[in-house]
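# Observations on chain architecture
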Amino acid sequence: MTTLTETKLINIRRQLHKIPELALHETETHALLMKIIGDLDQTYLTIKQLPNLPTAILVRVSGSSPKRTIGYRTDIDALPVTESTGLSFASENVGVMHACGHDVHMAVALGVLSYFSEHQPTDNLIFFFQPAEESENGGKLAYEQGAFTDDWRPDEFYGLHDNPDLPAGAIGCRMGTLFAGTTEVNVDFEGQGGHAAYPQDANDMVVAAAAFISQVQTIISRSIDPIEGGVITLGKLEAGTIRNVIAGHAHIEGTIRGLTQTMIERIDERLKDVAAGIARSFNAQVNVTLNQGGYLPVENNPDLTKRFITYMKETPTIHFVETEPAMTGEDFGYLLSKIPGTMFWLGVEDESQLHSATLTPKESGIEPGVSAITGFIENRMNA
């Protein structure tokens, strides 16, 4: 039996940091997690794995007299980023890094699980070690594969994300939307290529794509309530082969972000309207593909979040910060659309931002995170 002290949790975080893996390929990470979980007291634990999502792990902690089942989720995948932190425990997998701090997330989850493996909870607990948060919609995949059925379905779900802008160990949260939902955008323009000297005989899709990009900018400024928030970023444009040939095809890729699903759908429709107008104006075919996947807005349940914030504010040992919504996406939003719950921030205080090659979370935030979460879960079980 292993008691996961602060020192051990920091060491685990460093081990995980060295072996980052991309979505649905978290095999080394899975093996290490299984080893650590297997070394815990197994008296109250049951482990479940998903045949079609082999890197996922669910752990059930049986309560002594359960009134409910409380779920806690952590993500386990990494990003295609080349690390440049200079840490002694830097990534050993070239071009892959825990640049979003999921190694910290896992360490905190293991700390909470370790505590309840030795202190039987009153309610049942489900810990979900989720693959493929950064891409491939791991939460949605797990849900659709029946991960949360029968005795494995939480009545309420909680999860955190580390935040380099908050002091190490601080807890941040808010009522309403914490993270935006996203839509992936792909647009293809089909016209007629030709010689640069004879534009009248061609149909230039560079011009059509440029007009589309310019008009899309008016969607947020003129179709969305300025009190609300939305973002359209068209980050990739491909067209043409050489300077003296008119391009008959252009391709654009981008992302839409919004704080409610209603807003995202409104932006999606306006973008399709603009595309239809460009098609008519330029006598071209404009094909729009929108993919929401599992990245819905992370909308915190009002009652559960009020209870969560009240506990964090009223506990003297916890530094609580009320935060603003973020335009970053998180696939926990899909699970919260199916099961009520709350997502919150854990401060890790760093000058570098999430997804950067130099992100270096302060490990001193891990133990306060474990303490705050275990305290809240115990408080929730007494309600």
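The residue count restarts for each chain, going from 1 along the sequence in the order it is written. The predicted origin of the model limits local features to residues at a pLDDT of at least 70 and limits the giving and counting of side-chain atom pairs to 80 or more, whereas totals for whole chains, interfaces and linings rest on all residues. Remark: hydrogens and water are excluded; side-chain values derive from all non-hydrogen atoms of the structure.

The next point concerns the overall build of the protein. A helix here means a DSSP run of H or I that spans at least four residues, while a strand means a run of E at least two residues long, and both kinds are numbered starting from the N terminus. Helix and strand counts for the protein stand at 9 helices and 16 strands. Here the globule rule reads 2.2 Å times residues to the power 0.38, and the radius of gyration is calculated from C-alpha atoms. Radius of gyration (C-alpha) of the protein: 23 Å, near the 21 Å computed for a compact globule of 383 residues. Taken over the C-alpha atoms alone, the protein extends approximately 80 × 45 × 40 Å along its principal axes. Residues classed as buried in the protein amount to 53% of the 383 residues present. Here a residue-residue contact requires only that any non-hydrogen atoms of the pair lie within 4.5 Å. A separation of at least 24 residues holds for 81% of the contacts in the protein among residues at least 6 apart in sequence. Each accessible area value is a Shrake-Rupley result obtained with a 1.4 Å probe; residue values ignore everything except the protein chains displayed when judging cover. Carbon and sulfur atoms provide 48% of the accessible area of the protein, an area that totals close to 16,100 Å². For each residue, the accessible area found with a 1.4 Å probe, counting protein chains only, is set against the maximum for its type, and the residue is called buried under 20%, exposed over 50%, and partly exposed in between.

For the rest of this paragraph, the subject is the environment of G329. As for its placement among the helices and strands, G329 is situated in strand β15 (residues 326–329). Its relative accessible area of 28% is what places G329 among the partly exposed residues. In sequence terms G329 and V298 are 31 residues apart; their C-alpha atoms lie 8.1 Å from each other. If we skip the residues at most four places from it in the chain, G329 touches E133, A180, T182 and R257.

What follows concerns helix α1 (residues 6–18). Each helix should span, by expectation, one fewer than its residue count multiplied by 1.5 Å. Taking 1.5 Å of rise per residue, 13 residues should cover 18 Å, and α1 covers 19 Å from first to last C-alpha, within 8% of that figure. All buried positions along α1 are accounted for by L9, I10, I12, R13, L16 and H17. When α1 is viewed along its axis, its buried side chains cluster within an angular range of 160° and face the same direction. Contacts made by the buried residues of α1 are with α2 (27–38), α3 (102–118) and α9 (366–381). Working note: the arc is built from the helix axis to C-beta atom directions.

The subject of this paragraph is the layout of surface pockets. Method remark: on a 1 Å grid restricted to protein atoms, a set of points is classed as a cavity if a 1.4 Å probe fits but cannot get out and as a pocket if it is open with protein on both sides within 12 Å along at least five of seven lines; lining residues have an atom within 4 Å of a point. Grid points are joined across faces, edges and corners, and a volume is the space filled by probe spheres set on the points. Empty space within the largest pocket amounts to approximately 760 Å³. Together, 30 residues line the largest pocket, and E134, R257, T328, G329 and H355 are the ones closest to its centre. Broken down by secondary-structure element, the contributors of at least two residues to the lining of the largest pocket are β5 (156–163), β7 (177–190), β11 (249–258) and β15. At 4 residues, the largest contribution of residues to the lining of the largest pocket is made by β15. Broken down by class, the residue content of the lining of the largest pocket amounts to 9 nonpolar, 14 polar and 7 charged. Throughout, the ten residues Ala, Val, Leu, Ile, Met, Phe, Trp, Tyr, Cys and Pro are labelled nonpolar, Asp, Glu, Lys and Arg are labelled charged, and all others, Gly among them, are labelled polar.

For the rest of this paragraph, the subject is α3. Taking 1.5 Å per residue, 17 residues should reach 24 Å; α3 reaches 25 Å between its end C-alpha atoms and fits that length. Of all 17 residues making up α3, 15 are buried, and the element is well covered by its neighbours.

A separate point is the nonpolar core. In terms of nonpolar packing, the biggest core is built from 51 residues, with V108 and F129 touching the most fellow members. Among the elements that take part in this core, α3 stands out by supplying 9 residues, more than any other. Each nonpolar core is a collection of buried residues, namely Ala, Val, Leu, Ile, Met, Phe, Trp, Tyr and Cys, held together in the definition by side-chain atoms within 4.5 Å.

Right, let's talk about the side chain of N124 for a bit. Inspection of the secondary structure assignment puts N124 in strand β4 (residues 124–130). The exposure class assigned to N124 is buried, which follows from its relative accessible area of 9%. When near neighbours in sequence (up to four residues on either side) are disregarded, N124 contacts R60, V61, S62, G63, P66, R68, T69 and I70.

Our next topic: unusual backbone geometry. Peptide bonds are mostly trans, and most non-glycine residues show a negative phi. Even without being a glycine, N283 presents a positive backbone phi close to 50°. Mapped onto the secondary structure, N283 falls in the loop between α6 (261–282) and β12 (285–291). Positive phi outside glycine occurs at H355, with the angle close to 75°. Locating H355 in the fold gives a position in the loop between β16 (341–347) and α9. The class for H355 is partly exposed, based on a relative accessible area of 41%.

The strand order across the open sheet formed by 8 strands is β1-β2-β4-β3-β5-β16-β6-β14, and the pairing between neighbours is mixed. Either end of the sheet is taken by a strand with one partner, and the two such strands are β1 (45–50) and β14 (320–322). Averaged over all neighbouring strand pairs, the angle between strand axes comes to 25°, with direction disregarded. Where β5 lies against β16, 7 bridges are found, and the strand directions are parallel. Within β16, the residue paired with Y158 across the bridge is T342. Angles here are taken between N-to-C directions and fall from 0 to 180 degrees, while the axes themselves are lines fitted to C-alpha atoms, restricted in helices to the stretch in contact. Set on the sheet, α2 makes contact with β1, β2 (53–61) and β4; between it and β2 the angle comes to about 20°. Two strands pair if DSSP finds at least two bridges between them.

Let us now look at the packing of helix α5 (residues 205–223) against α6. Interaxial distance between α5 and α6 falls to 9 Å at its minimum, and their mutual angle equals 145°. Of the two possible hands of crossing, α5 and α6 adopt the one that is right-handed. Counting all contacts with α5, which are made through V207, A208, A211, F212, Q215, V216, I219, I220 and S223, the residues of α6 involved are R266, I267, R270, L271, V274, A275, I278 and F282. Residues of the contact of α5 with α6, tallied by class, amount to 13 nonpolar, 2 polar and 2 charged. What makes a crossing left-handed is the near helix being turned counterclockwise from the far one by less than a right angle; a clockwise turn instead makes it right-handed.

Moving on, we come to the pattern of salt bridges. When a carboxyl oxygen of Asp or Glu is within 4 Å of a side-chain nitrogen of Lys or Arg, the pair counts as a salt bridge. Under the counting rule described, the total for this entry stands at 16 salt bridges. Between R14 and E363 there is a salt bridge whose closest N-O contact spans 2.8 Å. Taken together, the residues span a long stretch of sequence, with R14 in helix α1 and E363 in the loop between β16 and α9 at a distance of 349 residues. E363 gets classed as buried once you look at its relative accessible area, which sits at 12%. One salt bridge in this structure joins K236 and E238, with 3.5 Å as the shortest N-O distance. Taken together, the shared-partner salt bridges in this structure form one network comprising R13, R14, D103 and E363.

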